[in-house]
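# Coordinate analysis (summary)
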Amino acid sequence: MANLDIRLKKINKIYKEGDVIAGVVVVQSKGELQHQGITLVMEGMVNLQLSAKSVGLFEAFYNSLKPIQLLHYSLEVAKPGKFPSGNTEIPFEVPLKPKVGKTLYETYHGVFVNIQYLVRVEMKRSLLNKDLQKQTEFIIEYKTQDEKAKTKLINFTITPETLTNVKEKQNVPKFKVKGHIDSSCLQITKPLTGELIVEQCEAQIKSIEIQLVRVETCGCAEGFAKDATEIQNIQIADGDVARNMAIPIYMVFPRLFTCPSLSTNNFKVDFEINIVVVFVDDHLVTENFPLKLTRF
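None of these values were measured; they are calculated from a predicted model.

What follows is about the overall build of the protein. Counting its secondary structure elements, the protein contains 1 helix and 21 strands. For a compact globule of 296 residues, the expected C-alpha radius of gyration is about 19 Å, and the protein comes in at 25 Å, more than 25% above that figure. Judged by the C-alpha coordinates and their principal axes, the protein covers about 80 × 45 × 40 Å. Within the protein, the proportion of its 296 residues that are buried is 47%. Look at the contacts in the protein between residues 6 or more apart in sequence, and 71% of them connect residues 24 or more apart. A total of about 15700 Å² of accessible surface is found on the protein, and carbon and sulfur atoms cover 50% of it. With 36 positive and 34 negative side-chain charges, the protein shows a spacing of 7 Å between the two charge centroids.

Further remarks concern the sheet that holds strand β1 (residues 2-8). Taken in spatial order, the 3 strands of this open sheet run β1-β3-β8, and their pairing is antiparallel. In this open sheet, the two strands that pair with only one neighbour each are β1 and β8 (86-95). Each neighbouring strand pair of the sheet contributes to a mean axis angle of 20°, computed without reference to strand direction. Bridge count between strand β3 (residues 20-29) and β8: 10 bridges; the pairing is antiparallel.

Take the pattern of salt bridges next. It is possible for side chains bearing opposite charge to pair when their charged atoms get close. The tally for this structure, following the rule as stated, stands at 16 salt bridges. We note a salt bridge from Glu76 to Lys79, for which the minimum N-O separation is 3.0 Å. Given the relative accessible area of 48%, Glu76 is considered partly exposed. The class for Lys79 is exposed, based on a relative accessible area of 60%. Notably, a salt bridge pairs Glu122 with Lys124, separated by 3.7 Å at the nearest N-O pair. Its relative accessible area of 39% is what places Lys124 among the partly exposed residues. Through salt bridges that share partners, Asp5, Arg7, Glu89 and Lys134 make up one connected network.

Core analysis: the largest hydrophobic core is formed by 81 residues, its most contacted members being Ile115, Phe138, Leu192, Leu196 and Phe267. Per element, the largest residue contribution to this core is 7 residues, and it comes from strand β20 (residues 267-279).

To continue, consider the sheet that holds strand β15 (residues 192-201). The strand order across the open sheet formed by 4 strands is β12-β13-β15-β18, and the pairing between neighbours is antiparallel. Edge positions in the open sheet fall to β12 (154-158) and β18 (246-251), since each of these has one partner strand only. The mean angle between the axes of side-by-side strands here comes to 20°, regardless of whether they run parallel or antiparallel. In terms of strand pairing, strand β13 (residues 175-181) meets β15 through 7 bridges, oriented antiparallel. Paired with Val177 across the strands is Val198, a residue of β15.

Turning to the environment of Leu186, a few remarks are in order. Along the chain, Leu186 falls in strand β14 (residues 185-187). A residue is classified by how much of its surface remains accessible, and Leu186, at 8% relative accessible area, is buried. C-alpha separation for the pair Leu186 and Lys66, spaced 120 residues apart in sequence, amounts to 31 Å. In this structure Leu186 touches Ala149, Pro191, Leu192, Phe253, Leu291, Lys292, Leu293 and Thr294, once residues within four positions along its chain are discounted.

Right, let's get into the packing of aromatic side chains. Considering all chains together, one arrives at 6 aromatic pairs under this definition. With 5.7 Å between their ring centres and 90° between their planes, Tyr105 and Phe267 make a pair best called edge-to-face. In this pair, Tyr105 sits in the loop between β8 and β9 (108-109) while Phe267 sits in strand β20, placing the two residues 162 residues apart along the sequence. Just as Tyr105 is buried, Phe267 falls in that class too. Ring centres of Phe156 and Phe289 lie 5.3 Å apart, and the angle between their planes is 45°; on these two criteria the pair is classed as tilted.

What follows concerns the side chain of Gln145. In this fold, Gln145 is placed in the loop between β11 (132-140) and β12. A distance of 2.7 Å separates the side chain of Gln145 from the backbone nitrogen of Arg295, its partner in a polar contact. In this view, Gln145 contacts Pro260, Thr294, Arg295 and Phe296; residues no more than four positions away in its chain are not counted.

How each quantity is defined
Residue numbering note: each chain is counted from 1, following its sequence as written. Only residues with pLDDT of at least 70 get local features here, since the model is predicted, and only at 80 or more are side-chain atom pairs given and counted; chain-wide, interface and lining totals rely on the full set of residues. Side-chain metrics in this entry use all non-hydrogen atoms of the structure; hydrogen atoms and water are not considered. For the purposes of this entry, the term helix denotes a DSSP run of H or I that reaches at least four residues, the term strand denotes a run of E that reaches at least two, and both are numbered from the N terminus. Atoms counted for the radius of gyration: C-alpha only. Globule rule: 2.2 Å times the number of residues to the power 0.38. Each residue is assigned to one of three classes by its accessible area relative to the maximum for its type, calculated with a 1.4 Å probe on protein chains only: buried under 20%, partly exposed between the two thresholds, exposed over 50%. Contacts: residue pairs with any heavy atoms within 4.5 Å of one another. With residues, only the protein chains shown are counted as cover, and all accessible areas are computed by Shrake-Rupley using a 1.4 Å probe. Charge counting treats Lys and Arg as positive and Asp and Glu as negative, with His and both chain ends excluded. In plain terms, the charge of a residue is placed at NZ if it is Lys, CZ if Arg, CG if Asp and CD if Glu. Two strands qualify as a pair provided that DSSP identifies no fewer than 2 bridges between them. Only C-alpha atoms enter the line fits that serve as axes; for helices the fit covers just the stretch in contact. Angles between N-to-C directions range over 0 to 180 degrees. Here, a salt bridge means any side-chain nitrogen of Lys or Arg that lies within 4 Å of a carboxyl oxygen of Asp or Glu. The definition of a nonpolar core used throughout is a set of buried Ala, Val, Leu, Ile, Met, Phe, Trp, Tyr and Cys residues joined through side-chain atoms within 4.5 Å. The pairing test for Phe, Tyr and Trp rings, Trp by its six-membered ring, is centres within 6.5 Å, and the orientation test on the planes gives stacked under 30 degrees, edge-to-face over 60, and tilted for anything in between. Counted as a polar contact is a pair of N or O atoms within 3.5 Å, where, for protein atoms, one must be capable of donating a hydrogen and the other of accepting one, and residues adjacent in sequence contribute only when both atoms are in side chains.

Put into structure tokens, the structure is as follows:
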């Protein structure tokens, strides 16, 4: 009976380019363990995929959708031999440097764009025994960034006339919602804040919600596939709210599912916020605002 594990020294597993990733490979065995060597691989990949509606649109896409390798490092941590019974810890240190001509983007778990960094160990064993494998994810954050967050206040007024995504405006009840978002350019570690006031509304309101949306673009010069998907939805008001009362807007950005806004030759990751007013009959109106996220 044998077991393989990886333990990184940093508990939070957050690293920056130029750091050294240090830890131990732990081998646990009941009885003496024969092996054919242990290899450690550190890699960073961008995986892109198309949504169902985009598949087949462009032949050229398939070349631009190949995984992009940002980081790859291989290391032999133990030569073939034997481990004694019990626990054996093998220390390792790996420098965190991108491949030539590549950039280490921040870790991001999206739907059509995925940026992930892994440390993987593999123990080769004799033919009769199964090879052992273990992997763990670590998180990359930018060390520096050219673009820093600058406050850009957004004042908004939402009425039936301002709606662009409604076909039959005459069917929308008369209403007026005013407010502001403190900034559309934000540091990812700080919350989105603002306030909203329902000045008037003919119909009864069921709910007011703030929706965070990721807009992922994959493609190349021949064409792009752009898809928007919801990350999280926060209800800021329940029921037919009092008129002319300030309702605070507050949203924290979830780690891993957001990252600083990113634009490259093959893919883009942008973010937007939707303010959604839901009426009692379940009809809803939405106003959309693009966001710019930065690390600093």
